[in-house]
Amino acid sequence: MSIKAQENKGINGIITLVTDFGLSDPYAGIMKGVILSINPRARIVDITHQVPSYDIFAASRIIESSYSFFPLGTIHVLIIDPGVGGRRKIACVSACGHIFVAPDNGVLSRVIENAGEVSGVWVENPSWFLHPVSKTFHGRDIFAPVAARLSMGLDMADLGPVLDPGAMVFLPEDLPEIKASGTISGRVVRVDAFGNLVTNISRQAFRKAFGKDSEKTVVVRIPGHEIYGISDTYDAAPPGALLALFGSGGFLELAVNRGNASDLYHVGIDAPVILDRVKGGQVETKA
Amino acid sequence: MSIKAQENKGINGIITLVTDFGLSDPYAGIMKGVILSINPRARIVDITHQVPSYDIFAASRIIESSYSFFPLGTIHVLIIDPGVGGRRKIACVSACGHIFVAPDNGVLSRVIENAGEVSGVWVENPSWFLHPVSKTFHGRDIFAPVAARLSMGLDMADLGPVLDPGAMVFLPEDLPEIKASGTISGRVVRVDAFGNLVTNISRQAFRKAFGKDSEKTVVVRIPGHEIYGISDTYDAAPPGALLALFGSGGFLELAVNRGNASDLYHVGIDAPVILDRVKGGQVETKA
Amino acid sequence: MSIKAQENKGINGIITLVTDFGLSDPYAGIMKGVILSINPRARIVDITHQVPSYDIFAASRIIESSYSFFPLGTIHVLIIDPGVGGRRKIACVSACGHIFVAPDNGVLSRVIENAGEVSGVWVENPSWFLHPVSKTFHGRDIFAPVAARLSMGLDMADLGPVLDPGAMVFLPEDLPEIKASGTISGRVVRVDAFGNLVTNISRQAFRKAFGKDSEKTVVVRIPGHEIYGISDTYDAAPPGALLALFGSGGFLELAVNRGNASDLYHVGIDAPVILDRVKGGQVETKA
């Protein structure tokens with residue numbers, strides 16, 4: 001299995017990692033050792049190892065917002081896997097020109113929902129595993145060696161039987177409610193490192209409820225505060241002031257220019273975020 | 001010193017890093033710059049930079065549990081070095097087909113104890129150092145350039161005089177006590193990112209005390225709690241319940257399915273963990 | 001644009017990253033995906049992603065202390081960019097054989113001040129950007145693709161019009177005050193991962209005020225404490241004792257041997273640090 005073999009299969013030798021292992025323990029490093037022992041030319045990229053422990057929802061959003069920025073033929077490994085060693089299966093899925101290896105616990109829900117054609121196999125063939133296979137660290141014993149083999153051009157078909165994507169575990173959709181009155185009722189789903197409050201309200205949902213070019217005619221309400229209008233940039237309000245804008249992933253965020261919105265406004269995950277049309281039309285963006 | 005030279009010496013060009021530098025300061029990045037300035041083809045892998053400050057015991061366990069998953073011929077650099085610039089020496093040790101560069105402060109104790117043949121040299125030849133050599137950052141001035149040279153095929157013998165591994169600094173062993181009654185008395189030595197309580201009780205010690213296949217006939221006691229039987233997987237108990245199992249490194253852990261055992265049970269490093277045989281034989285695994 | 005093209009331009013294919021993105025969100029990983037999509041051979045090195053949010057001063061010191069340890073021809077990308085999407089420009093600067101891509105907000109001040117000849121261009125040519133260009137994540141849409149192109153040998157001149165370094169935004173200098181009496185009045189500018197209190201008092205400033213070889217004849221005062229003499233190494237004082245020394249970046253630090261000076265002495269960023277000559281000449285280093 002040479003580099004040529006990789007190219008023949010559209011594989012580029014890049015393996016990304018999304019885990020909840022953190023960076024204090026050697027778990028991610030050990031996986032890299034296993035990968036490099038099999039494919040010394042693999043290029044391993046950490047997307048993040050700091051998914052909150054066991055948070056499959058968070059990981060499903062992270063991979064969905066990230067994978068398409070990698071080259072076609074990248075292998076994405078997701079290990080948020082509280083069921084390790086138990087009855088959950090492991091899936092290898094091909095979607096949108098990328099390959100995903102993940103436990104069948106819903107972590108691929110957002111990727112698969114938004115993809116066109118999806119195919120995959122169950123990862124069952126022990127020929128590619130590190131033995132003895134533990135019941136507590138499949139990242140090391142199954143995910144890493146399988147990803148390494150795939151990065152060298154191994155056929156997915158050699159991993160196990162074909163899976164039916166519709167039979168995989170799916171997370172419930174996490175969409176905002178669009179009420180008959182036109183009100184959008186969403187919530188904060190993530191607080192990023194800047195303290196920005198990322199919601200589940202996409203630009204698409206916004207346009208569906210309010211129409212295009214209505215950014216200046218809505219009011220955004222979080223507990224105790226309201227913001228008039230959607231801004232374009234983080235510095236559209238004075239330093240310290242709260243504003244709302246669509247972030248780089250396409251979802252509405254509440255942010256403070258040069259400040260931490262979550263800390264300053266005491267708002268965190270699951271807080272309600274309500275959007276309404278302003279009566280009487282356009283308002284100035286208020287800081 | 002070409003790639004061919006590397007291969008001739010069994011060196012693979014991979015350099016791993018274990019430090020207590022953290023990731024907020026540029027120290028680890030600076031080391032990588034120094035390495036790549038000497039060997040642009042080096043492949044640098046972070047095992048962790050988040051060893052607790054100055055914690056030589058913790059680092060000795062991390063490297064012992066990690067190194068063997070890397071390819072033979074990997075160079076492992078360990079910088080937990082409160083004595084930097086003082087009288088402590090620096091060792092370069094070859095063991096089990098891997099090379100280790102570390103201060104002589106005991107951080108290699110667990111690797112050397114468990115290895116067969118060990119050879120090494122004292123790192124003293126300033127030809128390979130970055131000058132002027134500071135007294136505060138040997139990671140940058142000695143460890144990084146020496147590792148880079150080794151990764152290009154430099155002979156260990158060119159680093160300095162042969163060392164006697166028996167004359168190195170060793171940490172006291174950290175083994176559980178096996179009492180005449182058969183009781184094992186160990187302790188928590190690490191809390192991982194999931195809040196799992198990792199003990200110093202190995203599967204070997206367990207089998208020595210209780211015999212094989214006795215996982216279901218022991219009781220595990222921590223302050224205020226007891227667990228009947230050893231489980232196989234983290235999800236063998238209901239979500240939120242405490243269980244005991246042998247983790248991926250071969251040591252007994254106390255864990256909570258989808259939860260944080262350390263937080264929920266208020267147990268941390270150095271807490272006593274006592275194992276006893278259950279009177280009257282097998283019990284059901286109790287959550 | 002082959003590897004040969006890179007070498008012809010003195011470019012080495014290494015791209016470093018300094019950001020305030022943290023490691024929990026996928027932002028840094030996404031940038032790596034964009035870079036590798038354009039230049040699959042790029043070597044990406046994290047200097048740090050944990051600059052305090054929006055802290056341009058901190059980032060300016062980090063890059064100044066780090067860049068010169070990388071090979072000539074390295075491309076350094078700095079994204080501490082609270083003005084993203086607004087009126088601030090983006091600069092690509094060549095200095096000391098390295099290339100820097102950064103918002104024009106002062107983050108390159110320390111590098112440019114200490115460099116000899118500096119040249120640069122404004123990054124304006126959208127041919128090299130990822131489209132559509134967001135107003136919230138230029139790291140992904142501008143910095144990453146531009147750095148990737150540069151790492152393949154793209155001419156800086158193709159990025160936009162020539163800039164006048166003197167017209168860039170500069171941070172005020174952060175130098176200690178040297179009083180007529182010879183007293184140096186500085187402050188803590190950084191607390192590192194060990195709790196060491198790094199000051200803005202350089203070895204040069206020290207020598208200017210006190211002359212060479214006067215390390216043993218000064219007293220260092222922080223609120224509530226004084227230290228006699230400057231030490232050479234972190235273990236020159238007994239474990240737990242406070243000492244002062246010049247750190248690896250050439251600035252005076254207050255540190256505790258095997259301890260955390262910031263926690264133990266309740267001293268943090270901006271605390272005053274005063275140096276005076278001891279009356280009557282040399283003193284013993286006091287723990």
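It should be noted that the structure appears before, not after, this text.
Described below are features of the structure shown in this document. (Residues numbered from 1 in each chain as written. Chains lettered and ligands numbered in written order. Predicted model: local features only at pLDDT ≥ 70, side-chain atom pairs only at ≥ 80, totals over all residues. Heavy atoms only, no water.)

Section: the overall build of chain A
When helices and strands are tallied, chain A shows 7 helices and 14 strands. Residues classed as buried in chain A amount to 60% of the 287 residues present. Sequence-distant contacts, at least 24 apart, represent 66% of the contacts inside chain A between residues at least 6 apart. Counting only carbon and sulfur atoms, one obtains 51% of the accessible surface of chain A, whose full area is about 11,300 Å². (Helix = DSSP H or I, 4+ residues; strand = E, 2+ residues; numbered from the N terminus. Buried < 20%, exposed > 50% of the residue type's maximum accessible area, 1.4 Å probe, protein only. Contact = heavy atoms within 4.5 Å. Areas by Shrake-Rupley, 256 points an atom, 1.4 Å probe, with all protein chains shown as cover.)

Thoughts on the side chain of Ser134 of chain B
Residues and elements named next belong to chain B. Examined against the element boundaries, Ser134 turns out to sit in the loop between strand E6 (118-122) and helix H5 (138-151). Within polar-contact distance, the side chain of Ser134 engages the backbone nitrogen of Thr136 at 3.4 Å. Ignoring anything within four residues of it in the chain, the contact list for Ser134 reads Arg140 and Asp141. (Polar contact = N/O pair within 3.5 Å; in protein donor to acceptor, adjacent residues only side chain to side chain.)

Here we look at the packing of aromatic side chains
As enumerated under the stated definition, the model contains 24 aromatic pairs over all chains in all. With a centroid separation of 5.4 Å and an interplanar angle of 75°, the aromatic rings of Phe206 of chain C and Phe246 of chain C are classed as edge-to-face. Remark: Phe246 of chain C occurs in strand E12 (residues 242-246) and Phe206 of chain C occurs in helix H6 (residues 203-210); sequence separation between them is 40 residues. Phe206 of chain C sits in the buried class, given a relative accessible area of 0%. Among the aromatic residues, ring-to-ring pairing joins Phe21, Tyr27, Tyr54 and Phe137 of chain A together with Phe194 of chain B into one connected group. (Phe/Tyr/Trp six-rings, centres within 6.5 Å; stacked < 30°, edge-to-face > 60°.)

Quick notes on the interface of chain A and chain C
Each partner contributes residues to the interface: chain A has 30 residues there, and chain C has 31 residues. Buried surface at the junction of chain A and chain C, summed over both partners, amounts to about 2,500 Å²; 57% is from carbon and sulfur atoms. Scanning the region where chain A abuts chain C turns up 1 salt bridge. Notably, a salt bridge pairs Asp25 of chain C with Arg190 of chain A, separated by 2.4 Å at the nearest N-O pair. Joining chain A to chain C, the criterion identifies 14 residue pairs in polar contact (both at pLDDT 80 or more). Within the residue set of the side of chain A that touches chain C, elements represented by two or more residues are strand E2 (43-48), helix H3 (56-66) and strand E12 (242-246) of chain A. Looking at which element gives the most residues to the side of chain A that touches chain C, the answer is E2 of chain A, with 5 residues. By residue class, the composition of the side of chain A that touches chain C is 14 nonpolar, 9 polar and 7 charged. (Buried area = accessible area lost by both parts, 1.4 Å probe. Salt bridge = Lys/Arg side-chain N within 4 Å of Asp/Glu carboxyl O. Nonpolar A, V, L, I, M, F, W, Y, C, P; charged D, E, K, R; others polar.)

Description of the pairing of strand E1 (residues 14-19) of chain B
Residue and element names in this part refer to chain B. Within E1, 6 of the 6 residues are buried, which leaves it mostly tucked inside the rest of the structure. Taking every second residue as pointing to the same face, both faces of E1 are buried, with Ile14, Thr16 and Val18 on one and Ile15, Leu17 and Thr19 on the other. Bridge analysis of E1 against strand E3 (residues 75-79) gives 5 bridges, and the strand direction is parallel. Within E3, the position partnered with Thr16 by the bridge is His76. (Pairing = 2+ DSSP bridges.)

Observations regarding the interface of chain A and chain B
Every contact between the two is made by 31 residues of chain A and, on the other side, 30 residues of chain B. Of the roughly 2,500 Å² buried between chain A and chain B, counting both surfaces, carbon and sulfur atoms make up 56%. Across the chain A-chain B interface, the total number found is 1 salt bridge. At the boundary of chain A and chain B, one finds 14 residue pairs in polar contact (both at pLDDT 80 or more). Take the side of chain A that touches chain B: its biggest share by element is 8 residues, from helix H2 (residues 27-38) of chain A.

Considerations on unusual backbone geometry
Put simply, His131 of chain A and Pro132 of chain A share a cis peptide bond, and its omega is 0°. Phi angles above zero are rare outside glycine, and Asp270 of chain A is one such case at about 80°. Position of Asp270 of chain A relative to the elements: it lies in the loop between helix H7 (261-265) and strand E14 (272-277). When its relative accessible area of 48% is taken as the criterion, Asp270 of chain A is described as partly exposed. A positive phi angle is found at Asp213 of chain B, which is not glycine, with a value near 60°. With respect to the helices and strands, Asp213 of chain B occurs in the loop between helix H6 (203-210) and strand E10 (218-222).

Points about the packing of helix H2 (residues 27-38) of chain C against helix H5 (residues 138-151) of chain C
Residue and element names in this part refer to chain C. In the contact formed by H2 and H5, the axes pass within 8 Å of each other and the chain directions differ by 40°. Classified by the angle between their axes, H2 and H5 sit oblique to one another. Viewed along their axes, H2 and H5 form a crossing whose handedness is right-handed. Here H2 contributes Ile30, Met31, Val34, Ile35 and Ile38 to the contact with H5, which in turn contributes Gly139, Arg140, Ala144, Pro145, Ala148 and Arg149. Of the residues contributing to the contact of H2 with H5, the split by class is 8 nonpolar, 1 polar and 2 charged. (Axes fitted to C-alpha atoms, helices over the stretch in contact; angles between N-to-C directions. Parallel < 35°, antiparallel > 145°, perpendicular 65-115°, else oblique. Left-handed = near helix turned anticlockwise from the far one by under 90°.)

What about the environment of Val169 of chain B?
Residue and element names in this part refer to chain B. Mapped onto the fold, Val169 is located in the loop between H5 and strand E7 (177-178). Classification of Val169 by relative accessible area gives partly exposed; the value is 39%. Each C-alpha atom of the pair Val169 and Gly224 lies 38 Å from the other, and the pair is 55 residues apart in sequence. Once residues lying within four places of it in the same chain are set aside, the contact partners of Val169 are Asp104, Asn105, Gly106 and Ser109.

Quick look at the pattern of salt bridges
Pairs can form between side chains of opposite charge whenever their charged atoms are close. Residues and elements named next belong to chain A. A full pass over the atoms with the stated rule returns 30 salt bridges over all chains. Across the pair Glu226 and Arg221 runs a salt bridge, and its minimum N-O distance is 3.0 Å. One continuous salt-bridge network, built from bridges that share partners, spans Arg61, Asp174, Arg187 and Asp270.

A few points about the sheet that holds strand E3 (residues 75-79) of chain A
Residue and element names in this part refer to chain A. The strand order across the open sheet formed by 6 strands is E2-E1-E3-E5-E4-E6, and the pairing between neighbours is mixed. Looking at which strands have only one partner, the edges of the open sheet turn out to be E2 and strand E6 (118-122). Adjacent strand axes in the sheet meet at a mean angle of 20°, parallel and antiparallel pairs treated alike. As paired elements, strand E1 (residues 14-19) and E2 share 5 bridges and run parallel to each other. When the sheet's bridge partners are listed, Thr16 is paired in E2 with Val45. Helix-sheet contacts for H2 involve E1, E2 and E3, and the interaxial angle to E2 is about 155°. Sheet contacts for helix H5 (residues 138-151): E1, E3, strand E4 (90-95) and strand E5 (98-103); angle to E3, the most-contacted strand, approximately 175°.

A few points about the relation of the copies chain A and chain C
Between chain A and chain C, which share one sequence, the superposing operator has a rotation angle of 120° and an axial displacement of 0.0 Å; the RMSD is 0.0 Å. Here the copies are linked by what is in effect a three-fold axis. Taken together, the interface assignments show that only 7% of the residues at the interface of chain A recur at the interface of chain C, consistent with different surfaces on the two copies. (Least-squares fit on C-alpha atoms with pLDDT ≥ 70 in both.)

Things to note about H6 of chain C
Residues and elements named next belong to chain C. Among all positions in H6, only Ala205, Phe206, Ala209 and Phe210 are buried. One side of H6 holds all its buried residues, which, seen down the axis, span an arc of 105°. In H6, the exposed positions that point more than 90 degrees away from the buried face belong to Gln204 and Lys208. (Arc of directions from axis to C-beta.)

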